[in-house]
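A structural walkthrough
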Amino acid sequence: MPIKRARETKPAAPVLAGNGKNLVHCALSETNPWEGALSQLDTVAKRINLDPGIHKYLRTPKRILMVSIPVQMDNGSVEIFEGYRVQHNLARGPAKGGIRYHPGVTLDEVKALAFWMTMKCAVMGLPYGGAKGGVRVDPKKLSLKELERLTRRFTAEISIIIGPNKDIPAPDVYTNSQTMAWIMDTYSMGVGHSEPGVVTGKPIEIGGSLGRNEATGRGVVYVIEQAYKELGWNLRGATAAIQGFGNAGSICAKLLSTLGVKIVAVSDSKGGVYADGGLDVARLNTLKAEGASVANYKGPGVTQITNEELLESQCDILVPAALENQITGENASKIKAKLIAEAANGPTTPEADRILHDKKIILLPDILANAGGVTVSYFEWVQDIQSYFWKEEDINNRLRELMIKAFQAVHKISTTENVDMRLAADILAVQRVAQAIKLRGIYP
Ligand code: NAD
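Here's a quick rundown of the structure. Predicted model, so just to flag it, every value in this text is computed and none were measured. (Residues numbered from 1 in each chain as written. Predicted model: local features only at pLDDT ≥ 70, side-chain atom pairs only at ≥ 80, totals over all residues. Heavy atoms only, no water.)

Section: the pairing of strand β7 (residues 262–268)
Across the 7 residues that make up β7, a large majority, 6, are buried. Where strand β6 (residues 239–243) lies against β7, 5 bridges are found, and the strand directions are parallel. Among the inter-strand pairings, Q243 is bridged to a residue of β7, identified as S267. Assessed by its sense of winding, the connection that carries the chain from β6 through helix α8 (residues 247–258) to β7 is right-handed. Summarising the sheet, β7 and strand β8 (residues 271–275) pair through 4 bridges and their orientation is antiparallel. When the bridges of β8 are listed, V266 appears paired with V273. The antiparallel hairpin formed by β7 and β8 contains 2 residues in its connecting segment. (Buried < 20%, exposed > 50% of the residue type's maximum accessible area, 1.4 Å probe, protein only. Helix = DSSP H or I, 4+ residues; strand = E, 2+ residues; numbered from the N terminus. Pairing = 2+ DSSP bridges. Right-handed = clockwise from strand over helix to strand, strands pointing away.)

This is how it looks when you write it as structure tokens:
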């Protein structure tokens, strides 16, 4: 069965008349991730005739904790940072979701990311609800010691709501396995014993899982492979552009190139490069390891490009792997890729979605495409609880199995309901969460 390129249901008509409130809502949904997330939920609710009570339930995060984090800086001064932990929904199990350090973090962004975690865990069939955390900080301006103090104090502040049976953080933008080690240690000091299951994405030596570091990029590649198979297209010789060369983007580039895909463009926060003849991924990784930007990559036929130009570059596969709201109503019409795999969370605005649909570009949505990370995080948590660790080969095989199973479940809905892959994934997720809420009932 071919993958549906078209959203059969008409998108909700834009509200152009009426009170100013509606106009603000429309404008916000282009830039405010939470507004975007709600509009996504509303579309599904309408499509599946979701019980109005459950719809209301899902429109509101379960728990929001906002904390101020005092940090003693190396020069003796004190800085205050704002941090958040949002648990969107816990009907399917303890909350799961990463922690992001970025100067642009807002509560609405964290709420949206927590909502997408609820959806992602449901699409993958993992026994988790969704959460997310964030600290508004530019981590590049902090020393390692300052970052450690920030992380430990943030952990202490949110320790009242996290725990291996309550809410299990993981890495996200500008946090990594070292950050998770500090969180695990701080939490363990508080409870009086080692508690590796409180976070995932830890170093292997203290209860991390083999394969976790590569899991998100690997999962993206598994779904791209599966989509190409369904479409009857040949992946070998295809070209790809990747925005963001961090954990998700760089691994994706490496694994795609091993499958014979030519990586023609990459970028990071400083800018990017494009080369018709392809870029050497190993050399890009060396640049990053040296602390340089991929924009410093030099070679014959290599041109410097901006992040905006990367999105519009000539390629078959586009992988946004940086931040949200990158593909918008402004640039969607200029995208040339025939398939987009969302490694990042929420990189496409609802308006852009409609344009991509009209252009018949196939989109593998974030809650499916980048779910490899949370899936291996789940494996890590299971291993920690059992204190029994699996081989990397077993982990990658189980990841492939779950990614393909989720892809097929989404694809089936896409075919039977005649909707695109985003709406199909959203339908599957909301149906699963709604069923859990219904079965558990509303307490008391
Ligand atoms: P990371 O910190 O390892 O890398 C982020 C990359 O994005 C860096 O190369 C950075 O330079 C680049 N970047 C930052 N701002 C940018 C901008 N304005 N334009 C272009 N590039 C920019 O983060 P990551 O873990 O790879 O996460 C990337 C995305 O993938 C995020 O949306 C994250 O939520 C999502 N994601 C990550 C995981 C995971 O396991 N790491 C799992 C699921 C989803």
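Considerations on the pairing of β6
Along β6, 5 of the 5 residues are buried, which leaves the element largely enclosed by surrounding structure. Burial of β6 is two-sided: the residues T239, A241 and Q243 facing one way and the residues A240 and I242 facing the other way are all buried. As defined by bridge partners, β6 adjoins strand β10 (residues 317–320) across 4 bridges and the pair is classed as parallel. Within β10, the position partnered with Q243 by the bridge is P320.

What to know about the pattern of salt bridges
Taken as a whole, this structure holds 25 salt bridges when the rule is applied. Two residues, D74 and R149, come together in a salt bridge whose shortest N-O distance is 2.7 Å. Here D74 is found in the loop between β1 (63–72) and β2 (78–89), whereas its partner R149 is found in helix α5 (residues 144–158), with 75 residues between them in sequence. Since its relative accessible area comes to 48%, D74 is described here as partly exposed. Of the residues examined, R149 reaches a relative accessible area of 31% and is grouped as partly exposed. E214 is paired through a salt bridge with K254; the nearest N and O atoms lie 2.6 Å apart. One end of the pair, E214, is in helix α7 (residues 212–231); the other, K254, is in helix α8, with 40 residues separating them in the sequence. (Salt bridge = Lys/Arg side-chain N within 4 Å of Asp/Glu carboxyl O.)

Here's the deal with the site of the ligand
By nearness alone, 22 residues border the ligand, and D172, T216, N247, A322 and N345 come closest of all. One nitrogen or oxygen atom from the main chain of Y174 is found 2.9 Å from an oxygen atom belonging to the ligand. One of the side-chain N or O atoms of N345 is found 2.7 Å from an oxygen atom in the ligand. Here the ligand has 820 Å² of accessible area as a free molecule, and 89% of this is covered by the chains. Put simply, the parts of the chain that give the shell around the ligand at least two residues each are α7 and α8. For the shell around the ligand, a count of residues per class yields 9 nonpolar, 8 polar and 5 charged. Shared between two domains, the shell around the ligand holds at least three residues of each, these being domain 1 (15–24 + 214–369) and domain 2 (61–200). (Near = heavy atom within 4 Å. Polar contact = N/O pair within 3.5 Å; in protein donor to acceptor, adjacent residues only side chain to side chain. Areas by Shrake-Rupley, 256 points an atom, 1.4 Å probe, with all protein chains shown as cover. Nonpolar A, V, L, I, M, F, W, Y, C, P; charged D, E, K, R; others polar. Domains from an automatic or database assignment.)

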